[in-house]
Amino acid sequence: MLDVKEPGFRENVDLMFHRAVAHVDLPPGLAEKIQICNSTYTVRFGVRLRGKIETFVGYRSVHSEHMEPVKGGIRFAPEVNQNEVEALAALMTYKCALVETPFGGSKGGLCIDPRKYEEHELEQITRRFAYELAKRDLIHPAQNVPAPDMGTGEREMAWIADQYARMNTTDINARACVTGKPLNSGGIKGRVEATGRGVQYALREFFRHPDDVKKAGLSGSLAGKRVIVQGLGNVGFHAAKFLREEDDAIITAVIERDGALVSKDGLDPDAVREWIGQNGGVKGFPGVDYVENGQSVLEMDCDILIPAALEGVININNAGDIKAPLIIEAANGPITANADEILREKGVVIIPDLYANAGGVTVSYFEWVKNLSHIRFGRMQRRNEEAHALLLVKELERLSADKGLGWELKPDFKRRYLQGADELQLVRSGLDDTMRKAYQDISETWNSRSDVHDLRTAAFILAIERVAASYRAKGL
Ligand code: GLU
C-alpha cells in the first residue's frame, strides 16, 4: 500500500467545489464569496472535574449565511480541528441548498473522547460548551441551529436545548434552537433514523433510473445486491438495517473499529450492533468470518459500498483497489478528491455525500418547523382524513348491499385505507419526497449536460447555482 500525503479535508471540499464551479456562469468574485468560510469561532473553557479544572477546545464554524439560520451538527471527537469543522460547514451549505432546506451551512465540534467521561461529567461539559456558543448567538433558533453528529445524539441535544432555554427564559421559540432532540424535549419522530433512511431512499431513487444504474454496470433493483457497510454507527446501522429488511439487499460485510465481519449469506445489523454493545467490538461474532484488517474489506468484491464513518477512508492509497461499482457516501467526505478522480476514471459511480446523507438535515428541518409551529405534524388532519376515507368505504358498502353485489373490502386494506397519517408517516413521506426530487435534479444535470460526467459535479453545480441565486436576490 502506498502512503502518500493528501490535502486536508477542507482543501478536498474546495477541490471538489472548484471542479464544479468551472461549469457555472457566475459574476466575478461570487465563486470565491460562496466558497470561503465566513467565520470560525474557537472557544476554550474550563470545567471542574474530578477535583481539578480541565480545559476543553471547541469550534463553531459558519460557512455561509446566504440563508439563516445556519445549520449543522456538533461533533464530539478527540481529533476535531478547525480544518475539519470548516470542511463540514461548507458541506452543510451545499447539502442544504441541494435538498432545499432553507438554511446556511455551519458545523461545530468539541475535542473530546466522550467514552472517557461519566454521563454527569459529559452533561456539565456539554452545557458549558452550549453556554459559550449561545452567549455568542452561535446557538439561536433564528441564527444558528446545531444538531447531532459523530459522538453526539439525542441526549446531548436535550442538554443543549435546556441550557439555551435557561439562558433565554422568555423566548417562546427556544426549543427550535437545536434539532435532533428526544421526543419529550421537542424532538420529532423519525429523526434518529433519518440519515440512514435517507441513504435508503437515495438508493431506491437511483435504482428507479435504469440508465444511471447501467452506468454503474449494475442492473435490476436493490434486491439481492451485495452491500458492504463501513461503520455501524447511527447512520450505517439504520441504512444497513432498512436495506436488508425492506429492500432485500444482502449485507455481506460490516467494517468496524476492531475489524470486519464478512458473510456471503448476509449479516443482520441488529444482531451485530447488539454484539458490539456487549463486547465492545465485532470480534468473536459467531458464525461468520472475522477479518482483523478491517480496512482491507473496503476492497472486497460487492455491488454497493457504503462508507458511513470517518472522512478520508477511501483515499489515494486504496482507491485503485476498490472493486465496488457503486459507492454511496453516507459519511461526510469519506472519499478524498484524489481518490474521487481515480474512481471516476475507473467508471465507479459515486452518490455524493452532500446528497446521500442529507436525510438528517431534512428531518431536522421538519423538527425546526414543528418547534416553531408548536404543534405536532398530523394533529389537525389525521382524524379528518380518516373520516373522509370512511365516507367512501361506507358508500361502497352501501352500494354493494343495495345492489346485492357481494363486494367485500379486505379487512387489511380497510384498516390501512382508513388510517390517517401520523407524524412518523408524514416525516418519512417528506423525506422520501425530498430525496427523490433532489436525485431527479442531479440525474437530470448529469445526463443532460455534455460537460458533466459524474453525480458529485452535478450535485455541486446545482447547490452552487442555488446559493448564487440567493446572493443575487439579495443584491450581492
Ligand atoms: N450532522 C448532520 C449532517 O452532517 C445533521 C445536521 C443537521 O441536522 O443539522 O448533515
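Our subject is the structure that appears above.
Residues numbered from 1 in each chain as written. Predicted model: local features only at pLDDT ≥ 70, side-chain atom pairs only at ≥ 80, totals over all residues. Heavy atoms only, no water.

(A) Representation of the overall build of the chain in the model. Regarding its fold elements, the chain presents 16 helices and twelve strands. Taking 476 residues into account, the globule formula puts the C-alpha radius of gyration at 23 Å, and the chain, at 23 Å, falls close to it. Within the span of the chain, comprising 476 residues, buried residues form 55% of the whole. Taking contacts inside the chain between residues at least 6 apart in sequence as the whole, the part at least 24 apart equals 70%. Carbon and sulfur atoms provide 50% of the accessible area of the chain, an area that totals close to 20,900 Å². Charged side chains of the chain number 61 positive and 68 negative; the gap between the two group centres comes to 4 Å. (Helix = DSSP H or I, 4+ residues; strand = E, 2+ residues; numbered from the N terminus. Rg over C-alpha atoms; globule rule 2.2 N^0.38 Å. Buried < 20%, exposed > 50% of the residue type's maximum accessible area, 1.4 Å probe, protein only. Contact = heavy atoms within 4.5 Å. Areas by Shrake-Rupley, 256 points an atom, 1.4 Å probe, with all protein chains shown as cover. Lys, Arg positive; Asp, Glu negative; His and termini not counted. Charge placed at Lys NZ, Arg CZ, Asp CG, Glu CD.)

(B) Geometry of the site of the ligand. In the vicinity of the ligand there are 14 residues, among which K71, K95, K107, D149 and S364 approach most closely. For the ligand, an oxygen atom lies 2.7 Å from a polar atom in the side chain of K95. Contact with the protein chains hides 94% of the accessible area of the ligand, taken as 290 Å² for the molecule alone. Taken together, the elements giving at least two residues each to the shell around the ligand come down to β3 (70-77), α3 (82-98), β5 (144-148) and α12 (359-373). Its residues placed into classes, the shell around the ligand shows four nonpolar, five polar and five charged. (Near = heavy atom within 4 Å. Polar contact = N/O pair within 3.5 Å; in protein donor to acceptor, adjacent residues only side chain to side chain. Nonpolar A, V, L, I, M, F, W, Y, C, P; charged D, E, K, R; others polar.)

(C) Up close: a nonpolar patch on the surface. Judged by side-chain polarity, L392, F413 and Y417 come together as a nonpolar surface patch covering roughly 280 Å² of accessible area. Residue placement: Y417 occurs in helix α14 (residues 411-418). Owing to a relative accessible area of 36%, Y417 belongs among the partly exposed residues under this scheme. (Patch = residues over 30% accessible without salt bridge, like charges linked within 9 Å, V, L, I, M, F, W, Y side chains within 5 Å. Salt bridge = Lys/Arg side-chain N within 4 Å of Asp/Glu carboxyl O.)

(D) The packing of aromatic side chains, seen in detail. What the rule picks out here adds up to 13 aromatic pairs. Ring centres 5.4 Å apart and planes at 15° place the aromatic pair F413 and Y417 in the stacked group. Separated by four residues within a single helix, F413 and Y417 lie in helix α14, roughly one turn from each other. Taking the relative accessible area as the measure of exposure, F413 reaches 43% and is therefore partly exposed. Three or more aromatic residues joined by ring pairs form one cluster here, namely F45, F56, Y117 and F129. It is K215 that lies over the ring of W446; its NZ or CZ is 4.0 Å from the centre. Positioned above the aromatic ring of F237, the side-chain terminus of R273 is 4.2 Å from the ring centre. (Phe/Tyr/Trp six-rings, centres within 6.5 Å; stacked < 30°, edge-to-face > 60°. Lys NZ or Arg CZ within 6 Å of the ring centre and 35° of its normal.)

(E) Highlighting the environment of V178. With respect to the secondary-structure elements, V178 resides in the loop between α5 (154-167) and α6 (194-207). Given the relative accessible area of 0%, V178 is considered buried. A C-alpha to C-alpha distance of 7.8 Å links V178 and W368, two positions 190 residues apart in sequence. Not counting the four nearest positions on each side in its chain, V178 is found in contact with V145, P146, A147, M157, I160, A161, E367 and N371.

(F) Inspection of the pairing of β5 at higher detail. Of all five residues in β5, five are buried, a share of seventy percent or more. The pairing of β3 with β5 spans five bridges and is classified as parallel. Within β5, the position partnered with G73 by the bridge is A147. (Pairing = 2+ DSSP bridges.)

(G) Structural view of the sheet that holds β3. Strands sit in the order β1-β2-β4-β3-β5 across an open sheet of five strands; the sheet is mixed. If you trace the sheet from one side to the other, it starts and ends with β1 (39-49) and β5, each paired once. Each strand axis lies, on average, 25° off the axis of its neighbour in the sheet, ignoring direction. Packing of α3 onto the sheet brings it into contact with β1, β2 (52-64), β3 and β4 (104-111), and relative to β4 it is tilted by some 150°. (Axes fitted to C-alpha atoms, helices over the stretch in contact; angles between N-to-C directions.)

(H) How the structure looks around the pairing of strand β8 (residues 259-262). Burial along β8 is two-sided: the face carrying G259 and L261 and the face carrying A260 and V262 are both buried. Alignment of strand β7 (residues 250-256) against β8, held across four bridges, turns out to be antiparallel. Residue pairing for β8: E256 is matched across the bridge by G259. Once β7 ends, the chain turns through two residues before running back antiparallel as β8. In terms of strand pairing, β8 meets strand β9 (residues 289-291) through three bridges, oriented antiparallel. Looking at β9, one finds that L261 is bridged to Y290.

(I) α6, seen in detail. With 14 residues, α6 ought to run about 20 Å at 1.5 Å a step, and its terminal C-alpha atoms sit 20 Å apart, in line with that. For α6, the buried fraction is high: 13 of the 14 residues fall into the buried class. (Expected span 1.5 Å × (residues − 1).)

(J) Just the sheet that holds β8, in detail. The mixed open sheet is built from seven strands, whose spatial order is β9-β8-β7-β6-β10-β11-β12. Across the chains shown, the open sheet's two edge strands, defined by having one partner strand only, are β9 and β12 (349-351). When strand polarity is set aside, the average angle formed by the axes of neighbouring strands in this sheet is 20°. As judged from the four bridges shared by strand β6 (residues 226-230) and strand β10 (residues 304-307), these two strands associate in the parallel manner. Bridging from a neighbouring strand, Q230 pairs with P307 of β10.

(K) Fine view of the nonpolar core. Counting residues in each nonpolar core, the largest one holds 89 residues, and the members touching the most others are I34, L203, I306 and L326. With eleven residues, the single largest contributor to this core is helix α16 (residues 455-473). When near neighbours in sequence (up to four residues on either side) are disregarded, I34 contacts F17, L26, H63, Y94, I464, V467, A468 and Y471. Membership of the second largest hydrophobic core comes to 28 residues, among which are V47, L49, F129 and A161. (Core = buried A, V, L, I, M, F, W, Y, C linked by side-chain atoms within 4.5 Å.)

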